[in-house]
Amino acid sequence: LITTMPSSWQVSLAQLAGLIALLPFTVTYLHLYYYTNIQNEYCFVGPHTSLISGKNYNAERSESIIDSSAVADNEVIASKSPGDSSQVDVSQLFGIYTPQQNQKRSKSKKNDRRQFHQTYASAVSSSRWGWPSITQISDMVSSPTSQLSHKNGSKNLHQPIGGNSITFVETKESRKWCIESSSLGERAQWCSTEFTNELDKRTIYLYPPSGAYTKQQSPQSSASSSLATTIYITCPTPTLQKQPPPKKTRHNEQLFRENKNILFLIRHPATVLLLLFNMGLAFHYWNQRVNPSLVCKQYSKIVDGHEWWRGFTGATAHFEPLHIGFNMMSLHTLGKELEGEYGSINFFLYNVTLVVMTTIVMMGMVYGRIRWYQRQNNDSKILQLRETSSVGYSGVLFAWMVISTLERKQPTCPVPFFNDVCFSTYSFGQLKFNIAPVVSLFMAQFIMPRVSFMGHLAGIICGFGLHWGWPPIELGSANVLIGGVFLLGNLFWRRGVVPVVPLTPPDDNDHDDDNQLLSLLLESGQDGIDGILMSMPGSGDVENGNNALDRDSTTSTSDPFARGKAKKKEREMEEMRRKHKTVESIRNLIGLVTVLSFLFFDWMSSIALSQCILLAYFIFGTRSSFIVWACTQAKVANDMISPEKQRCGMIWRGYVMSCVLAIVVDGMSVAGWIQLQTFISSEKTKLLFGLVPSLLFMLLRIAINILGMVIASKILHDMGQVSYISGGIFVRVFSRVLTCSKAIGDGVFLSQRPLWTAFEGRGIRLGGGELLARISRSRSS
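Conventions we followed
Residues numbered from 1 in each chain as written. Predicted model: local features only at pLDDT ≥ 70, side-chain atom pairs only at ≥ 80, totals over all residues. Heavy atoms only, no water. Helix = DSSP H or I, 4+ residues; strand = E, 2+ residues; numbered from the N terminus. Areas by Shrake-Rupley, 256 points an atom, 1.4 Å probe, with all protein chains shown as cover. Salt bridge = Lys/Arg side-chain N within 4 Å of Asp/Glu carboxyl O. Core = buried A, V, L, I, M, F, W, Y, C linked by side-chain atoms within 4.5 Å. Buried < 20%, exposed > 50% of the residue type's maximum accessible area, 1.4 Å probe, protein only. Contact = heavy atoms within 4.5 Å. Pairing = 2+ DSSP bridges. Disulfide = S-S within 2.5 Å. Phe/Tyr/Trp six-rings, centres within 6.5 Å; stacked < 30°, edge-to-face > 60°. Axes fitted to C-alpha atoms, helices over the stretch in contact; angles between N-to-C directions. Parallel < 35°, antiparallel > 145°, perpendicular 65-115°, else oblique. Left-handed = near helix turned anticlockwise from the far one by under 90°. Nonpolar A, V, L, I, M, F, W, Y, C, P; charged D, E, K, R; others polar. Polar contact = N/O pair within 3.5 Å; in protein donor to acceptor, adjacent residues only side chain to side chain. Expected span 1.5 Å × (residues − 1). Bend = angle between axes of the 7 residues up to and from the residue.

### A short note on the overall build of the chain
Helix and strand counts for the chain come out as 25 helices and 14 strands. Summing over all exposed atoms, the chain offers an accessible surface of approximately 40100 Å²; the carbon and sulfur share of this is 59%.

### Some remarks on the pattern of salt bridges
Think of it this way: side chains of opposite charge can pair up when their charged atoms draw near. In the structure shown here, the tally under the stated rule is eleven salt bridges. Notably, a salt bridge pairs arginine 578 with glutamate 575, separated by 2.6 Å at the nearest N-O pair. With arginine 578 and glutamate 575 both in helix H19 (residues 560–600) and three residues apart, the pair spans about one turn of that helix. Its salt-bridge partner being glutamate 644, residue arginine 647 comes within 3.4 Å of it at the nearest N-O pair. Residue arginine 647 and its partner glutamate 644 are both found in helix H21 (residues 638–675); the two are separated by three residues, about one turn of the helix.

### Overview of the nonpolar core
Ranked by internal contacts, the top residues of the largest apolar core, which has 122 residues, are Trp400, Tyr655, Trp673 and Met709. Leave out the neighbours within four places in its chain, and tryptophan 400 touches Leu334, Leu338, Tyr342, Phe347, Tyr350, Asn351, Leu354 and Leu466. Counting residues in each nonpolar core, the second largest holds 22 residues, with Val45, Phe94, Trp177 and Phe195 among its members.

### A short note on the pairing of strand S1 (residues 43–47)
Among the five residues of S1, five are classified as buried, and the element is accordingly described as predominantly covered. Bridge count for S1 against strand S2 (residues 95–99) is three bridges, and the pairing is antiparallel. Paired with valine 45 across the bridge in S2 is glycine 95.

### Let's talk about the state of the cysteines
Under the definition given, this model contains three disulfides. Each disulfide pairs two cysteine sulfurs, and for cysteine 178 the partner residue is cysteine 191, the sulfurs being separated by 1.9 Å. Where cysteine 178 bonds to cysteine 191 through sulfur, the torsion about that S-S bond is close to 110°, and the disulfide is right-handed. Placement of cysteine 178 in strand S5 (residues 175–181) and of cysteine 191 in strand S6 (residues 188–191) is noted, with a sequence separation of 13 residues between them. By relative accessible area, cysteine 178 is classed as buried at 1%. Residue cysteine 191 is classed as buried on the basis of its relative accessible area, which comes to 2%. Within the chain, bonded cysteines paired by disulfides and numbered along the sequence follow the pattern 1-4, 2-3, 5-6.

### Focus: the packing of aromatic side chains
Enumeration according to the criterion identifies 28 aromatic pairs in this entry. Geometrically, the ring pair formed by tyrosine 35 and tyrosine 42 is edge-to-face, given 6.3 Å between the ring centres and 80° between the ring planes. Here tyrosine 35 matches tyrosine 42 in class, with each residue buried. With 5.6 Å between their ring centres and 15° between their planes, tyrosine 285 and phenylalanine 319 make a pair best called stacked. With tyrosine 285 in helix H8 (residues 269–287) and phenylalanine 319 in the loop between helix H10 (310–315) and helix H11 (321–342), the pair connects residues that are 34 residues apart, well separated along the chain. Taken together, the ring pairs in this structure connect Trp131, Phe600, Phe601, Trp673, Phe689 and Phe697 into an aromatic cluster.

### Here's the deal with unusual backbone geometry
The omega angle of the peptide bond from tryptophan 470 to proline 471 is 0°, so this bond is cis rather than trans. Phi at glutamate 41 is positive, roughly 55°, even though this residue is not glycine. Classification of glutamate 41 as buried rests on a relative accessible area of 14%. One non-glycine residue, histidine 306, lies in the positive phi region at around 55°.

### Brief notes about the sheet that holds S5
Read around the barrel, eight strands follow the order S1-S2-S3-S4-S5-S6-S8-S9 and close on themselves; strand pairing throughout is antiparallel. Each adjacent strand pair in this sheet contributes to an overall mean axis angle of 30°, direction not counted. Judged from the two bridges that link them, strand S3 (residues 116–121) and strand S4 (residues 165–170) form a sheet pairing that is antiparallel. The partner of phenylalanine 116 across the bridge, within S4, is isoleucine 166.

### Brief notes about the packing of H11 against helix H14 (residues 394–407)
The interhelical angle for the contact between H11 and H14, taken along N-to-C directions, is 45°, at an axis separation of 10 Å. Classified by the angle between their axes, H11 and H14 sit oblique to one another. Crossing handedness for the pair H11 and H14: left-handed. Of H14, the residues touching H11 (which contributes Asn327, Ser330, Leu331, Leu334, Glu337, Leu338 and Tyr342) are Ser394, Leu397, Trp400, Met401, Ile403 and Ser404. Of the residues in the contact of H11 with H14, the class split is eight nonpolar, four polar and one charged.

### Focus: the packing of helix H20 (residues 606–633) against H21
Interaxial distance between H20 and H21 falls to 8 Å at its minimum, and their mutual angle equals 155°. The angle between the axes of H20 and H21 places the two elements in the roughly antiparallel class. The way H20 lies across H21 gives a crossing that is left-handed. Partitioning the contact of H20 with H21 into residue classes produces 17 nonpolar, ten polar and four charged.

### Quick look at the side chain of serine 122
Structurally, serine 122 can be placed in the loop between S3 and helix H4 (134–141). Judged by its relative accessible area of 11%, serine 122 falls in the buried class. Polar contacts involving the side chain of serine 122 include one to the main-chain amide nitrogen of glycine 95, which spans 3.3 Å. Not counting chain neighbours up to four residues away, the residues in contact with serine 122 comprise Phe94, Gly95, Phe679, Ser682 and Glu683.

### Remarks on helix H24 (residues 729–748)
End to end, H24 covers 28 Å across 20 residues, agreeing with the expected 28 Å (1.5 Å per residue, within 8%). At serine 735, H24 shows its maximal bend, which comes to roughly 75°. Looking at H24, one finds that the buried residues are Phe730, Val731, Phe734, Val737, Leu738, Cys740, Ser741, Ile744 and Gly745.

### Remarks on the pairing of S5
Most of S5 is tucked away: seven of the seven residues are buried. Covered by surrounding structure in S5 are Arg175, Trp177, Ile179 and Ser181 together with Lys176, Cys178 and Glu180, the residues of both alternating faces. Relative to S5, S4 is paired through six bridges, and the arrangement is antiparallel. By the bridge assignment, isoleucine 166 is partnered in S5 with isoleucine 179. What sits between the antiparallel neighbours S4 and S5 is a turn of four residues. Bridge count for S5 against S6 is four bridges, and the pairing is antiparallel. Counterpart to glutamate 180 in the pairing with S6 is glutamine 189.

Nothing here speaks to function; it is geometry throughout.
Right under this line is the structure:
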């Protein structure tokens, strides 16, 4: 028996996919399962549609008449009766149903047959299509429990809406669950299959069974009804409990008692994760004796030094016990209050968004003050602003404090020991405002003068913006905001700071496009590179005087050493062409996936927008990489190509970071699709593709993005832009991703053809016929 062990690159591929795709999928699926089935006991009602084939309910366009064959094939689920001008929309039944809040489970069989009232009606819309992202799914699912005014106005979604409910119906003939509606024109019922009377009388019916519910025809209703004959319901499992719950005794009473700490861990995972992350970093910085200047927010480092990662390290760094203590207590209080309103997933993503937003606003305010003092020629103030450092999570906490203040119904009293100094919230249409957070800022500045005034003010500004709906959740998602900001900074801001020598053909203004220039380099080979290099400024600095690549034209073509040198150059050019062709092919695949993403997914979702950002990264990275390769092939001095090489490294590092975030969000979105199929189909009336085709396309998209990340990692390693010895924040965070990607690249894309040969040219054959001929001639003589 011979077993084949997987190669190293295959193991690295499995590790990489498990780390950035499978792990987020598993965590998100378990969280959504607990949130919907255990914590809130949701029942989802949607169209009886085949999610596999992608056929969906659309009451506005369906005009066919339901017959038995159509119902059997699930082809039509809504129609109009002949001659009926009025159109009844059965989508009024769709949404989320929850059990009565004031009725808990008991040992009695009667009380366990609870009514499930409709607490959220699906916002059926025909203007958008495509599968949603995880942020959209989390926002929709958290709506029934949310009291936030920016999500549902003054509507209290805890209360039942309409007259729709799911109840247990028991008669002498049968027992079944039925969904009843009084909001439609008639008293309509859709019921599950009947339970047999042979079941044990002690059977407890916890939840309605999941599956298709068929419309029950009443004697007063006509045979051809205008309502859909079948709908679909998804409820928690198990539906039946054949044995009554055990009686509580003094011994096992503690087992039924809820542990508040464990309950907080389960119901507020985002807050717990943020608490552990901040406290773990604080311990790490204390244990390693890290200097605060290495991780703090500082204008001269972030703006002038382009160390943008300091926005994250500065926000999560704490070096004093009181600092970390006060901030973590505030985070615990605000997270306990607001995480349930936003949903754990969106609450965590909004925290990441606020870290970026507060840093941008803070640097903008510092820039404005520097410009003000420049007009006054106050150099001391300018130097102080540029070198002032700040650390801590309080900027994000002030943003959440603003949201908490605006959602309170009672006035807020921000001054300690002065309970009469309170401020009310004023509404201006959909916008709300309260001066209490600003008062708290001045109070904190008065009590502790060392606190960062502009850092806290930036948090207040971002808090008002977030409550007023900016940025939208899809633009504020981590896979869109972080990658987009980094891309804009690299392409525009850093491009203007780092001097890059342009490559332009001599005396030819028709080749401004980079693609035409690259094609010219590939087609003309070394001669084209030489001609372009001769037109570059500073070409006299190239090796060997004015022309580093001056070839001796008088050299005879029969010279074996000249032929060997020419062959070597040709192989190097062929290798460069091969690399460029490979990168261009992957770029075209990413472009195709980007176009298809707008057909499969919601065009305004973060999973579609993030793919556009990845495509932009790859396009600019490809152009910059080939410029570096061409100059390296032409043996240009290193000081001339180092700026472009540095910029190329920044672009590919941004691609790796954005690709990891995009794949993580893709895995989380897939978990939401699988867990909440019925709910998504009730919200989205235009799903062009079903669940299985969408899952297959998502797997293909993840595979192509991983392939692009492998190319980016290999280019970074080949250019020397990754150093595991000196480290750096990028290598420390993405070290596992980089090592796995490099192993995959070496195993898949490593060239089998050598770039050099040990001996080349004309040589002398030792032994054989020539040697024997010499020996024979010497003997004969």
